[in-house]
Amino acid sequence: MNSFIDYIVEPYKSYSTLQIILEIIAAFFGVLSVYYTKKRNILVFPTGILSTFLYIYLFFSWGLYGETLINLYYTSMSVYGWVLWSKQTEKDHLHVDVSWAKKTDYLKSLGLFFGTFIFILVLYHFRPIIDGFKSIIEIDTLIWSYKPVDFIDATSTGTFLIGMWLMAKRKIDNWYFWILGDIIMIPLLIYKGYAISSFQYSIFLILAIQGLFEWKKSVK
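Being a predicted model, the structure only gives us computed values, none of them experimental.

Caption draft 1: The arrangement of unusual backbone geometry in detail. Located in the positive-phi region is Arg40, a residue other than glycine, with phi close to 60°. Inspection of the secondary structure assignment puts Arg40 in the loop between α2 (17-38) and α3 (44-61). Look at Arg170: it is not a glycine, yet its phi comes out positive at around 65°. Locating Arg170 in the fold gives a position in the loop between α7 (148-168) and α8 (174-192).

Caption draft 2: Spatial organisation of α7. Taking 1.5 Å as the rise per residue, α7 with 21 residues should run 30 Å; its terminal C-alpha atoms sit 31 Å apart, in good agreement. In terms of burial, α7 is largely enclosed, as 17 of its 21 residues are buried.

Caption draft 3: Representation of a nonpolar patch on the surface. Taken together, the side chains of Trp100, Tyr106, Tyr176 and Val219 make up a nonpolar region of the molecular surface, amounting to roughly 370 Å² of accessible area. Tracing the chain through its elements places Tyr176 in helix α8. What makes Tyr176 partly exposed here is its relative accessible area of 37%.

Caption draft 4: Representation of α2 within the structure. Over its 22 residues, α2 runs 32 Å from end to end, which matches the ideal 32 Å to within 8%, given 1.5 Å per residue. Buried within α2 are the following residues: Gln19, Leu22, Glu23, Ala26, Ala27, Gly30, Val31, Ser33, Val34, Tyr36, Thr37 and Lys38. In this fold, the buried residues of α2 make contact with α3, α7, α8 and α9 (195-219). Immediately beyond the C-terminal end of α2, within one or two residues, lies Arg40, with a positive phi of roughly 60°.

Caption draft 5: Quick look at the packing of α2 against α9. Relative to each other, α2 and α9 sit at 5°, their axes nearing to 8 Å. Judged by the angle between their axes, α2 and α9 are roughly parallel. From α2, Ile20, Glu23, Ile24, Ala26, Ala27, Gly30, Val31, Val34, Tyr35, Thr37 and Lys38 reach across to α9, where they touch Ile196, Ser197, Gln200, Ile203, Phe204, Leu207, Gln210, Gly211, Glu214 and Trp215. Of the residues that constitute the contact of α2 with α9, the class distribution is 12 nonpolar, 6 polar and 3 charged.

Caption draft 6: The arrangement of the environment of Lys216 in detail. The residue Lys216 is located in helix α9 in this model. Each C-alpha atom, one on Lys216 and one on Val98, is 8.6 Å from the other, the two residues being 118 residues apart in sequence. Non-local contacts of Lys216, meaning those with residues more than four positions away in its chain, are made with Trp100 and Ile172.

Caption draft 7: Molecular detail of the pattern of salt bridges. All chains considered together, the criterion is met by 3 salt bridges. Across the pair Lys39 and Glu214 runs a salt bridge whose closest N-O atoms are separated by 3.6 Å. Taken together, the residues span a long stretch of sequence, with Lys39 in the loop between α2 and α3 and Glu214 in helix α9 at a distance of 175 residues. Judged by its relative accessible area of 32%, Lys39 falls in the partly exposed class. On the basis of relative accessible area, Glu214 is assigned to the partly exposed category, the value being 30%. Among the salt bridges present, the one from Lys192 reaches Asp153, with a minimum N-O distance of 2.7 Å. You can see Lys192 sitting in helix α8 and its partner Asp153 sitting in helix α7, a full 39 residues away along the chain. Connected via shared salt-bridge partners are Lys38, Lys39 and Glu214.

Rules used in this analysis
Residues numbered from 1 in each chain as written. Predicted model: local features only at pLDDT ≥ 70, side-chain atom pairs only at ≥ 80, totals over all residues. Heavy atoms only, no water. Helix = DSSP H or I, 4+ residues; strand = E, 2+ residues; numbered from the N terminus. Expected span 1.5 Å × (residues − 1). Buried < 20%, exposed > 50% of the residue type's maximum accessible area, 1.4 Å probe, protein only. Patch = residues over 30% accessible without salt bridge, like charges linked within 9 Å, V, L, I, M, F, W, Y side chains within 5 Å. Areas by Shrake-Rupley, 256 points an atom, 1.4 Å probe, with all protein chains shown as cover. Salt bridge = Lys/Arg side-chain N within 4 Å of Asp/Glu carboxyl O. Contact = heavy atoms within 4.5 Å. Axes fitted to C-alpha atoms, helices over the stretch in contact; angles between N-to-C directions. Parallel < 35°, antiparallel > 145°, perpendicular 65-115°, else oblique. Nonpolar A, V, L, I, M, F, W, Y, C, P; charged D, E, K, R; others polar.

Keep in mind these numbers describe shape, not what the thing actually does.
Structure follows, in C-alpha cells:
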C-alpha cells in the first residue's frame, strides 16, 4: 500500500505548487462540468471551458503536446456545443431536450474515432521533434515505433471525442463513450503520474453512469 502511495506522490515532487493548485482547480471544474451535463444544464460549457483551458496550460508546461492539442479540441467543441444548446434550451433557458443517436450519427462517430486515432499516432511519431530532442532537419531519422500506452492513449482520445461530439448534439448515447473513456483513463493517468486527474475521472465515471440513467429517464 505504501509503495502505491509513493508511486502516486512521487511525480508531484517535481511539480510546482502553482501546477498542483491549477490541476486541483481544473479537476474541480471538470467534475462540475460533468455534473451539469448530467442535469442537461447549459452551464456544462462555461465550466468545461475553464477546466480544459487550465489543462491546456498544464499539459503544455509539462511538455505533453498531444494532450494539449486534445484539450484545445475540447475547448472548441465546448464553444460549438454551447451555441447548439443555447438554441435548444427549454423555457428556463438552462436545460435542453435530448434524443437517441441515429445510424448516421454512429457512422460519423466511427469516422471521427479512426481519424483521431491515426492523428494521435502520427503526432506521437513526431514526438522527438515536438519535445525538442531532435531538430526538424532530422525528420528522416524518425522511426515508427510505439509503446502500448500510445495505442491506449489514442483509443481513449478517440472515444472521448465521440462522447464530446454526441454530447454537443444532445444525444443520450454520448454517455456510453464517456463511461468507456473514463474506465480507460483512471489507470492511464495514474501510470502517467497525474493522480489528482485520475481521481477526477473516477468521479466522472460515477456521474456518467448517473447521467445515462437521467437522460434516458428524461426521454421517457
